[in-house]
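Observations on the model geometry
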Amino acid sequence: MSRTPQEARRRAPRPPGRRGRAALASALALALVPVGSAAASAATGPALVDDPTSFVDPLVGTTNAGNTFPGAVRPFGMAAWSPELFRGTSPQRTAAPGGYAYDADQVRGFSLTHLSATGCAGASGDVPFFPYPGEVDSSPSADGTGEVYSTTFSHEHETAEAGRYAVDLDSGVGVDLTTTERTGSGRFTYPAGSPATMLLRTSDSELGSTDATVDIDAATRTVSGSVTSGNFCGYIGGDSGTNAGAVDRRPYYTLYFTVQFDTDFASEGTWVDDALSPGSTAASGGTTFGEDGFPPAGRGSGGYVTFEADDDGPTEVGARVGISYVSLEGAQANLRAENPPGTTFDEVREGARDAWDEQLSRVRVGGGTQDRTTTFYTALYHALIHPSLASDVDGRYRGFGDTVADQEVQHVREGQGAQYANFSGWDVYRGQVQLLSWLQPQVGSDLATSLLNQAEQNDGVWDRWTHQSGATHVMAGDPSPTALAGIHAFGGTGFPLEESLDSLVRAATVPTALDGTDLGGNVAPIGQRPSLADYLEHGYYPAGCFAWGCADETLENSVADDAIAELARDAGRDDVVAQFAPRAQAWQRQFHHGATPGGGYFQDRRADGTWVPNARREGEDGQTEEYFDPASSAGFVEGTAAVYVWHVQHDPAGLIATMGGDDAAVSRLDGHFRGPDGSWRLVGSWDDNTYVNMDNEPSIHVPYLYSYAGAPWKAAETVRATMDQIWSPEPGGIPGNDDLGTMSSWYVFSAMGAYPVDPSRNELVLGSPLFPRVEVRPEGGAPVTITADGAGTDAQYVTGVRVDGERWTRSSLPTSLVADGGDVELELSATPDPAFGADRADRPTSMREGEVSYTAQAPAEPVQVRQGGSATAQVVVRRYSGLGEVHLRADAPTGLRVRPVPRAADVPRRQESTTVDLEVSAVGTGRLRPGTYDVPVTLDLRAEPGDVDTDPEPVVLTVEVLPAH
């Protein structure tokens, strides 16, 4: 039925928080009213939300660098139909990653695919549809400034909800979009008296394309085609040398599409570059990726159709479109299966809403305010957009490869439900994969299997950031082990564990040619473990390694190696545990106790063990001197040394001991979160900054570290301040790039009251819940209920816990909760109880296996001693954690005596190392022949109670015995 744009606006539903500003006053009045409070029962607490989808506002996160998109998508959907906006006179450059920015109002189309909050310059945004109420008389590719084939819009004429996006454009065209998993349905209403034209800008992906095709069949009212693209972060560093642009500016996926319209074509045509061909039905050609990684003006191809106009009023045109990354036939099959002829727009829209309601209802909250409930369900919505389906309805998918030409069609494994794509590993391992695996174990299992499949197809390399069927290499560390461990811990156990473990161990122990090259620069190193050989030799990443930040790489791979150890425990592989648990403590070798007078930091370190200054200043003598500045980001990724000093998620207790104990760590945390006047400092720059970045991934676990130092009440107030001060149900309500739902996942966990600090395990560390009642019902799993009377009020401190009616004294929840379910009762107070969680036995778990307290370094050159004589050798003893005396024991051959003078060495708390003299004597009853002898020297720590008592590996002292005079 035809309708005017005004009618479309009137009929578009506007649930609460949907960005209709006319209701702002009433919304503010409701903001502090607990949702469901009227239906509260004294026996059960506040009523749970019964329609969580109505609280989703997809426009949240579309400014303040949140980089989300507001368009139509289903949970984990392949299709994501959403606007492509630009600013000024540059339609070739999207307004923001994700295609949309709340402060931009120029529209160049509505693309079929999107990624939520990717960073860089965006990704995907394939095949923009642009409804144009005019005649096409010039090539759209030649419209380099967007003066002709674009329009504007205003937010008061825009509706965004879970599974649907609608807008009335200033051109007079109304647009209404919804999706299935692999298809979309569109409804386009053209104003009366104007032509009704649809441009299909097939080549105009967000980052350009190397090829595109379009074929128009008027007889069947069908347009089909493809686009080949990639180029993620390809603009970084130019197009030569060893930078990210040199490795990412390439085509690594092809999207195929077919669209069936419900209205006859009056005319059609195509264009290639600046040449328009009216009447043509086929065209091809890409935009290229340009000389700077951005598609240039004047290049590209596409097609257009003009529909038969309605003589009696506005012209309404319906479209059903199917997509596939395998083939055109795959797109057609997906369309037939999910959106067959006769399917109405409203049926698809209701199906999308039902799909979201099913997923969002796995977590139901009650008693929260309108604003907090909207923020919560919008965060949960964003957390469940990715990963994205990559396989067709028949189970086929495009295999992984460097370029499209290298990729073969594959089929999902037996037991695998679907192949998934789009894995931003460095981000999502910090909570997003854990959340989706808890709620949807099959999706988590399928994601793990998908990553294994990609690695097998990629010569055993598990890439850290995968986009569709290609590796982008972007970011740092080796996040796949941690992601798989987190998936497994939170219920996603249906993937090939042994096969995955073997592959990850091989990648972590056998250096490859890719690991040994600097190709990709610091942003996108092509090796899974760049400079792995150096890591294996030194036990840390020496300065100058091929990773983004070398000190950072040691920390990231300590987490990864801990994850491998955890996967090995799950698989019963004690040999792998014994190998990787000590490697997980590599962070100790990167910690410089003497970095600053106020305490130690992680710092770049040369291969010879010396530390690298990261700043310069003028000394007292007027000369330039080098020093270490914690406010510098040198050696780290998207953060400073002050941020990364807390990056030991698996062993916070060891880190706290290294810092000098609980009091020292708490004091440093206080100074990290608050300014000198006590005010909160929750966000800051990635450089020249010593405060926390709660708007970026490296910091989001840090508030919870208070609990590991025995002060969970400080964790509670810090988490609460973060949720209240930098999160909101507004367009700027996500603090920083959401990174495929990672930041949103942090909010979901934290608002429920607990967060998995250690990403490889399912231990949830308590914070400060926002809802008096929470119910988690995983697919096929045991339910968990959390009740917290007074949650969300001034009663922000947890002072007591009961689990299934029994008193629980720890500041983290039992690890059995995720698998077995249970009832948790949190006792809250407006006044902290410093005794709660203070005892060491009541703190969250730290994985201290393999941790060393001291190490020793022997002289690089052999110690020379003559027969019958003696000499002195010096061994440097380095402290990592703990206090106490260090005794050295030497296993010398008969005739050679090695003993320390004095008998024991003490390394004080504020001192990083000390030198121990060893007396080496070639005397005794068994006269040694001249020659070279290796003498193992073992450190034996006499630790204080509560500290680790571990014998490190012996250091080898080489002694050269010379003939007597």
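This one's a predicted model, so the numbers in the text were calculated from it and none came from an experiment.

Rules behind the numbers
- Residues numbered from 1 in each chain as written.
- Predicted model: local features only at pLDDT ≥ 70, side-chain atom pairs only at ≥ 80, totals over all residues.
- Heavy atoms only, no water.
- Helix = DSSP H or I, 4+ residues; strand = E, 2+ residues; numbered from the N terminus.
- Rg over C-alpha atoms; globule rule 2.2 N^0.38 Å.
- Buried < 20%, exposed > 50% of the residue type's maximum accessible area, 1.4 Å probe, protein only.
- Contact = heavy atoms within 4.5 Å.
- Lys, Arg positive; Asp, Glu negative; His and termini not counted.
- Charge placed at Lys NZ, Arg CZ, Asp CG, Glu CD.
- Salt bridge = Lys/Arg side-chain N within 4 Å of Asp/Glu carboxyl O.
- Arc of directions from axis to C-beta.
- Core = buried A, V, L, I, M, F, W, Y, C linked by side-chain atoms within 4.5 Å.
- UniProt positions renumbered as here; feature names shortened; annotations may be inferred.
- Pairing = 2+ DSSP bridges.
- Axes fitted to C-alpha atoms, helices over the stretch in contact; angles between N-to-C directions.
- Disulfide = S-S within 2.5 Å.
- 1 Å grid on protein atoms, 1.4 Å probe; cavity = no way out; pocket = protein on both sides within 12 Å on 5 of 7 lines; lining within 4 Å.
- Points joined across faces, edges and corners; volume = space filled by probe spheres on them.
- Nonpolar A, V, L, I, M, F, W, Y, C, P; charged D, E, K, R; others polar.
- Parallel < 35°, antiparallel > 145°, perpendicular 65-115°, else oblique.
- Left-handed = near helix turned anticlockwise from the far one by under 90°.
- Phe/Tyr/Trp six-rings, centres within 6.5 Å; stacked < 30°, edge-to-face > 60°.
- Lys NZ or Arg CZ within 6 Å of the ring centre and 35° of its normal.
- pLDDT = per-residue confidence, 0-100.

Some thoughts on the overall build of the protein chain
Counting its regular elements, the protein chain contains 22 helices and 46 strands. Compactness check: the protein chain gives a C-alpha radius of gyration of 30 Å against a globular reference of 30 Å for 965 residues, within 12% of the reference. Principal-axis analysis of the C-alpha atoms places the extent of the protein chain at approximately 115 × 65 × 65 Å. Expressed as a percentage of the 965 residues in the protein chain, the buried residues total 64%. Excluding contacts between residues fewer than 6 apart, the proportion of contacts in the protein chain whose partners are at least 24 apart in sequence is 72%. When the 68 positive and 130 negative side-chain charges of the protein chain are each reduced to one mean point, those points stand 5 Å apart.

Topic: the pattern of salt bridges
Using the criterion set out here, one finds 45 salt bridges in the structure. R221 is the salt-bridge partner of D264, the closest N and O atoms lying 2.9 Å from each other. With D264 in the loop between strand 13 (251–261) and strand 14 (265–272) and R221 in the loop between strand 11 (211–217) and strand 12 (222–230), the pair connects residues that are 43 residues apart, well separated along the chain. In the salt-bridge network here, residues are joined through shared partners; they are R164, D176, R187, D346, R349 and E350.

Regarding helix 10 (residues 479–489)
When you tally the buried positions in helix 10, you get 11 out of 11 residues, the bulk of the element. Buried within helix 10 are the following residues: P479, S480, P481, T482, A483, L484, A485, G486, I487, H488 and A489.

Remarks on unusual backbone geometry
Omega for the peptide link from H386 to P387 comes to 5°, which places this bond in the cis form. If you trace the backbone, P387 turns up in the loop between helix 6 (370–383) and strand 20 (388–389). Residue F76 is not a glycine yet carries a positive backbone phi of 60°. Summarising the element assignment, F76 is placed in the loop between strand 1 (72–73) and strand 2 (80–86). Classification of F76 by relative accessible area gives buried; the value is 4%. In this model, C120 sits at a positive phi of 50°, which is unusual for a non-glycine residue. Checked against the element boundaries, C120 lands in the loop between strand 3 (106–111) and strand 4 (129–132). Among the residues examined, C120 registers a relative accessible area of 28% and is labelled partly exposed.

Here we look at helix 14 (residues 574–583)
Burial in helix 14 covers these residues: V576, V577, F580, A581 and R583. Buried residues of helix 14, viewed axially, fall in a sector of 150°; they line one side. For helix 14, exposure combined with an orientation more than 90 degrees from the buried face picks out D574 and A578. Contact partners of the buried residues in helix 14: helix 11 (497–509), helix 12 (532–538) and helix 13 (550–571).

Details of the nonpolar core
Residues F129, V223, F261, F376 and W746 are the most contacted members of the largest nonpolar core, which totals 200 residues. Here the element with the most residues in this core is helix 13; it accounts for 9 residues. If you look at the next biggest cluster of nonpolar residues, it comprises 25 residues, including A856, L896, V898 and V916.

Describing the UniProt feature "domain: Glycosyl hydrolase family" (unreviewed entry) in the protein chain
Within the UniProt annotation, "domain: Glycosyl hydrolase family" (unreviewed entry) is assigned to residues 330–829. Across residues 330–829 one finds 39% helix and 14% strand; the C-alpha atoms that close the span lie 58 Å apart.

Describing the sheet that holds strand 37 (residues 822–829)
Spatially, the 6 strands line up as an open sheet ordered 19-33-34-37-35-36, and their pairing is mixed. Each end of this open sheet is capped by a strand with a single partner; those strands are strand 19 (363–366) and strand 36 (806–808). Taken pair by pair, the neighbouring strands of this sheet meet at an average axis angle of 20°, ignoring direction.

Quick word on the pairing of strand 11
On strand 11, burial follows the alternation: A212, V214 and I216 on one face are buried, whereas D211, T213, D215 and D217 on the facing-out side are not. Of the pairings in the sheet, the one linking strand 11 to strand 12 comprises 7 bridges and is antiparallel in character. The residue bridging D217 from the neighbouring strand is T222, located in strand 12. As consecutive antiparallel partners, strand 11 and strand 12 are separated by 4 residues, and within that stretch R221 has a phi angle of approximately 55°, a positive value. As paired elements, strand 11 and strand 16 (residues 282–284) share 3 bridges and run antiparallel to each other. When the bridges of strand 16 are listed, V214 appears paired with A283.

Digging into the state of the cysteines
Using the criterion set out here, one finds 2 disulfides in the structure. The partner cysteine of C120 in its disulfide is C233, sulfur to sulfur 1.6 Å. Given an S-S torsion of about 95°, the disulfide between C120 and C233 has right-handed geometry. Taken together, the positions of C120 in the loop between strand 3 and strand 4 and C233 in the loop between strand 12 and helix 3 (244–248) put the pair 113 residues apart, joining distant regions of the chain. Note on C233: relative accessible area 1%, which makes it buried. Between the sulfur atoms of C545 and its disulfide partner C550 the distance amounts to 2.2 Å. The S-S bond linking C545 to C550 shows a torsion near -115°; that makes this disulfide left-handed. Accessibility classification places C545 together with C550 in one group, the buried group. If you count the bonded cysteines of the protein chain from the N-terminus, they pair up as 1-2, 3-4.

Some words on the sheet that holds strand 8 (residues 174–179)
Spatially, 9 strands are ordered 6-7-8-9-18-13-12-11-16 in an open sheet, and the strand pairing comes out antiparallel. Because the sheet does not close on itself, it has two edges, and the strands there are strand 6 (158–161) and strand 16. On average, each strand axis in the sheet is inclined to that of its neighbour by 15°, with strand direction left out of account. Its contacts with the sheet place helix 5 (residues 345–360) against strand 7 (164–168), strand 8 and strand 9 (183–190), and it is angled at close to 55° to strand 8.

As for the environment of Q590
Its place among the elements puts Q590 in helix 15 (residues 587–590). Among the residues examined, Q590 registers a relative accessible area of 0% and is labelled buried. The spatial distance from the C-alpha of Q590 to the C-alpha of Y540 is 6.6 Å, given a sequence separation of 50 residues.

Examining empty space enclosed by the protein
Overall, the coordinates contain 11 cavities of 30 Å³ or more when judged by the stated rule. Taken as a whole, the largest cavity encloses approximately 170 Å³ of empty space. Along the wall of the largest cavity there are 15 residues; nearest its centre are P91, Q92, R108, D204 and R299. Taken together, the residues that form the lining of the largest cavity break down as 5 nonpolar, 5 polar and 5 charged.

Quick look at the packing of helix 10 against helix 11
Relative orientation of the contacting elements helix 10 and helix 11 amounts to 160°, with a least axis distance of 11 Å. Between helix 10 and helix 11, the angle falls in the class roughly antiparallel. In the crossing of helix 10 with helix 11, the sense of the turn from one axis to the other is left-handed. Packed against helix 10, whose contacting residues are S480, P481, L484 and H488, the element helix 11 presents L497, S500 and L504 at the interface. Across the contact of helix 10 with helix 11, the residue classes break down as 4 nonpolar, 3 polar and no charged.

Some thoughts on the packing of aromatic side chains
Applying the stated criterion to the full structure yields 32 aromatic pairs. Where Y100 meets F153, the ring centres are 6.4 Å apart and the plane angle is 45°; that geometry is what we call tilted. With Y100 in the loop between strand 2 and strand 3 and F153 in the loop between strand 5 (151–152) and strand 6, this pair connects stretches of sequence that are 53 residues apart. By relative accessible area, which is 0% here, Y100 ends up buried. In this structure F153 comes out as buried when scored by relative accessible area, which is 6%. In this structure an aromatic cluster arises from ring pairing among W438, F490, Y704, F749 and Y755. A cation over a ring is seen here: R201 above F130, with NZ or CZ 5.9 Å from the ring centre. Its end group placed over the ring of W680, R674 keeps NZ or CZ at 3.7 Å from the ring centre.

Considerations on the confidence of the model for the protein chain
Per-residue pLDDT for the protein chain has a mean of 91; in total, 92% of the residues score no lower than 70. This model gives residues 1–30 a pLDDT under 50, and the stretch forms 54 contacts once residues within four places in sequence are excluded. In this model, residues 945–950 is a region of pLDDT below 50 whose contacts with residues beyond four sequence positions or in other chains number 11 contacts.

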